[in-house]
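Reading the structure
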Amino acid sequence: FSGRFGLTESDVSGSYPVQIGLGIRGYGSPSDAFKVYFGGRVILDLTSSSVPGWSDVDFGVRGEFGVQYDVLRHLGFYAQLGASIALIRAFSVTVDLTGGVQVRFP
């Protein structure tokens, strides 16, 4: 499960981007502290639309490539390059560079 929440207002829509998704991530060497990964997911975009008559909900897919460093067994920091493709509200492709924290529960 993932969630992406924009910290700045979008220049296009004037709203804060919000996406939730469900997917899978595969690691090249999962037991190493430093690892490379690929991921894919389906996404639900809940960003408010500023266009009259358009829905505030969109569906799409997302692919990611990244690197992660685990400082503890259950805590890692990552940086990734991702691309999202939205399909329903309006066909769009968004590419982004993201950083984050991954917490894993035993």
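Please read all numbers here as calculations on a predicted model, not as lab measurements. (Residues numbered from 1 in each chain as written. Predicted model: local features only at pLDDT ≥ 70, side-chain atom pairs only at ≥ 80, totals over all residues. Heavy atoms only, no water.)

1. Looking at the layout of surface pockets
Considering only enclosed or pocket space, the largest pocket measures out at about 1,300 Å³ in volume. Around the largest pocket, the lining comprises 48 residues; the ones closest to its centre are Arg4, Pro17, Gln19, Asp45 and Ser84. Looking at the lining of the largest pocket, the elements that each hand over two or more residues are strand S1 (2–5), strand S2 (18–27), strand S3 (34–45), strand S4 (58–72), strand S5 (75–86) and strand S6 (92–103). Considering each element in turn, the lining of the largest pocket owes the most residues, ten residues, to S6. (1 Å grid on protein atoms, 1.4 Å probe; cavity = no way out; pocket = protein on both sides within 12 Å on 5 of 7 lines; lining within 4 Å. Points joined across faces, edges and corners; volume = space filled by probe spheres on them. Helix = DSSP H or I, 4+ residues; strand = E, 2+ residues; numbered from the N terminus.)

2. Concerning the packing of aromatic side chains
Under the counting rule described, the total for this entry stands at three aromatic pairs. Taking 5.2 Å as the distance between ring centres and 45 degrees as the angle between the ring planes, the aromatic pair formed by Phe38 and Phe65 counts as tilted. Of the two residues, Phe38 is situated in strand S3 and Phe65 in strand S4; the sequence distance between them amounts to 27 residues. Among the aromatic residues, ring-to-ring pairing joins Tyr27, Tyr37 and Tyr78 into one connected group. (Phe/Tyr/Trp six-rings, centres within 6.5 Å; stacked < 30°, edge-to-face > 60°.)

3. Here's the deal with the sheet that holds S4
What the six strands build is an open sheet, ordered S1-S2-S3-S4-S5-S6; its pairing is antiparallel. Either end of the sheet is taken by a strand with one partner, and the two such strands are S1 and S6. Adjacent strand axes in the sheet meet at a mean angle of 30 degrees, parallel and antiparallel pairs treated alike. (Pairing = 2+ DSSP bridges. Axes fitted to C-alpha atoms, helices over the stretch in contact; angles between N-to-C directions.)

4. Quick word on the environment of Phe65
Under the relative-accessibility criterion, Phe65 is labelled partly exposed at 40%. Not counting the four nearest positions on each side in its chain, Phe65 is found in contact with Val36, Tyr37, Phe38, Ala79, Gln80 and Leu81. (Buried < 20%, exposed > 50% of the residue type's maximum accessible area, 1.4 Å probe, protein only. Contact = heavy atoms within 4.5 Å.)

5. Some points on the environment of Ala83
Of note, Ala83 is situated in strand S5. On the basis of relative accessible area, Ala83 is assigned to the partly exposed category, the value being 31%. Not counting residues within four places of it along the chain, the set of residues in contact with Ala83 comprises Val61, Arg62, Gly63, Thr94 and Val95.

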